[in-house]
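Coordinates in review
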Amino acid sequence: MKNYIFSAYNVFQKSSETSFRKKHKRKTLYTLYLILLFCSVKAATVDTIQVFSPSMNKNIKSCIIFPESYKKNDKKFPVVYLLHGYSGNYASWAKDFKELKSQVDQYNFIVVGVDGNYSSWYFDSPIDPSFKYETYVTKELVSYIDQKYRTIPNRENRAISGLSMGGHGALYLSFKHQDIFGAAGSMSGGVDFRPFPDNWDIKKRLGTITEFPENWEKYTVTNMLDLVKDNNLKLIIDCGFDDFFMEVNRQLHAKMLAQKINHDYIERPGKHDLKYWENSLKFQLLFFNNFFNDKTKN
């Protein structure tokens, strides 16, 4: 392609300078320049894979975004796992987040878009054995990714984040599996779902709050802070001012301060929507990049 463009350019240069050519020469050269620039731009690649889950006896899809450098050398890469929200799916990260591929190239790590079903909330349901998404993510998917691809298979090079239901899921999984994840984030996370007993299929996963109140207490992230000891996790949590999860995020932040749990906490203008999450993801990926490159961590 490059040779073709240069050949076209040379032919153009050597041709007679008619008034028409003089008039349009600059525009044509600029167009050729843009084509050449486009052809030389680095681009992350996206693959869709299926991973068999023995715990749920089914194949589950994920999307994987590789930096452009992945195919150019034999080095190993850190990995960020991203969890979608209620009613979403694994493909939304590559499809909806227009800047994610360029961010993957910029930071030079792998991103895995995880599928959490329509409304799994990313834990093993205590009432429905067909929903074991905690087991799937932490034992089956992470193991598959580390075996199949050139990852750095340790917690110092593995992070997890998500939005809404996925924000709760990322904190839940990281709190319980600090041997797997060294950093975690939540964007507009449903970090305490007890105020919403009839929403987002939570009662399908835990039972109703009146019949199974112990499940709702045990599985909500805001009640799991005792697991976060010695500030072993690097955490970033954010939420928009106009989000219906704003208050539960503020309450979680206050509890973390009271228990002296280190974390980055951000409130910024925004609603529970893609516009907010696209902006939020920029800060979360920077946070994880800094974590991966922190030479002082254990």
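My aim in this report is to walk through the structure given alongside it, one point at a time.

Definitions and cut-offs
- Residues numbered from 1 in each chain as written.
- Predicted model: local features only at pLDDT ≥ 70, side-chain atom pairs only at ≥ 80, totals over all residues.
- Heavy atoms only, no water.
- 1 Å grid on protein atoms, 1.4 Å probe; cavity = no way out; pocket = protein on both sides within 12 Å on 5 of 7 lines; lining within 4 Å.
- Points joined across faces, edges and corners; volume = space filled by probe spheres on them.
- Nonpolar A, V, L, I, M, F, W, Y, C, P; charged D, E, K, R; others polar.
- Pairing = 2+ DSSP bridges.
- Helix = DSSP H or I, 4+ residues; strand = E, 2+ residues; numbered from the N terminus.
- Axes fitted to C-alpha atoms, helices over the stretch in contact; angles between N-to-C directions.
- Contact = heavy atoms within 4.5 Å.
- Buried < 20%, exposed > 50% of the residue type's maximum accessible area, 1.4 Å probe, protein only.
- Salt bridge = Lys/Arg side-chain N within 4 Å of Asp/Glu carboxyl O.
- Core = buried A, V, L, I, M, F, W, Y, C linked by side-chain atoms within 4.5 Å.

Here the focus is the layout of surface pockets. Taken as a whole, the largest pocket encloses approximately 250 Å³ of empty space. Around the largest pocket, the lining comprises 20 residues; the ones closest to its centre are Gly 85, Tyr 86, Gly 88, Leu 163 and Trp 277. For the lining of the largest pocket, the per-class residue count stands at 11 nonpolar, eight polar and one charged.

With respect to topology, eight strands assemble into an open sheet ordered S1-S2-S4-S3-S5-S6-S7-S8, the strand pairing being mixed. The outermost strands of the open sheet, each flanked by one partner alone, are strand S1 (45-53) and strand S8 (264-268). In this sheet, adjacent strand axes meet at a mean angle of 20° when their direction is disregarded. As paired elements, strand S7 (residues 234-240) and S8 share five bridges and run parallel to each other. Of the residues in S8, the one forming a bridge with Cys 239 is Glu 267. The sheet contacts of helix H10 (residues 274-292) involve strand S3 (79-83), strand S5 (158-162), strand S6 (183-187), S7 and S8, and relative to S7 the element is tilted by about 170°.

For Thr 222, the location among the structural elements is in the loop between helix H8 (213-219) and S7. Overall, Thr 222 belongs to the buried group, its relative accessible area being 5%. Apart from residues lying up to four places away in sequence, Thr 222 is in contact with Val 191, Asp 192, Arg 194, Leu 252 and Lys 255.

A separate point is the pattern of salt bridges. Summed over the entire model, instances satisfying the criterion amount to 10 salt bridges. Lys 72 serves as the salt-bridge partner of Glu 68, at 3.1 Å between the closest nitrogen and oxygen. A relative accessible area of 57% means that Lys 72 is categorised as exposed. What emerges from the salt-bridge pattern is a single network uniting Asp 192, Arg 194 and Glu 217.

What follows covers the nonpolar core. Tyr 81, Val 112, Tyr 136, Leu 171, Phe 175 and Leu 235 are the most contacted members of the largest nonpolar core, which totals 58 residues. Contact partners of Leu 235, with chain neighbours within four places excluded, come to Leu 171, Phe 175, Ala 184, Val 228, Met 256, Ile 261, Asn 262, His 263, Asp 264 and Phe 287. Ranked by size, the runner-up nonpolar core spans 24 residues in total, among them Tyr 107, Ala 159, Leu 163 and Trp 277.

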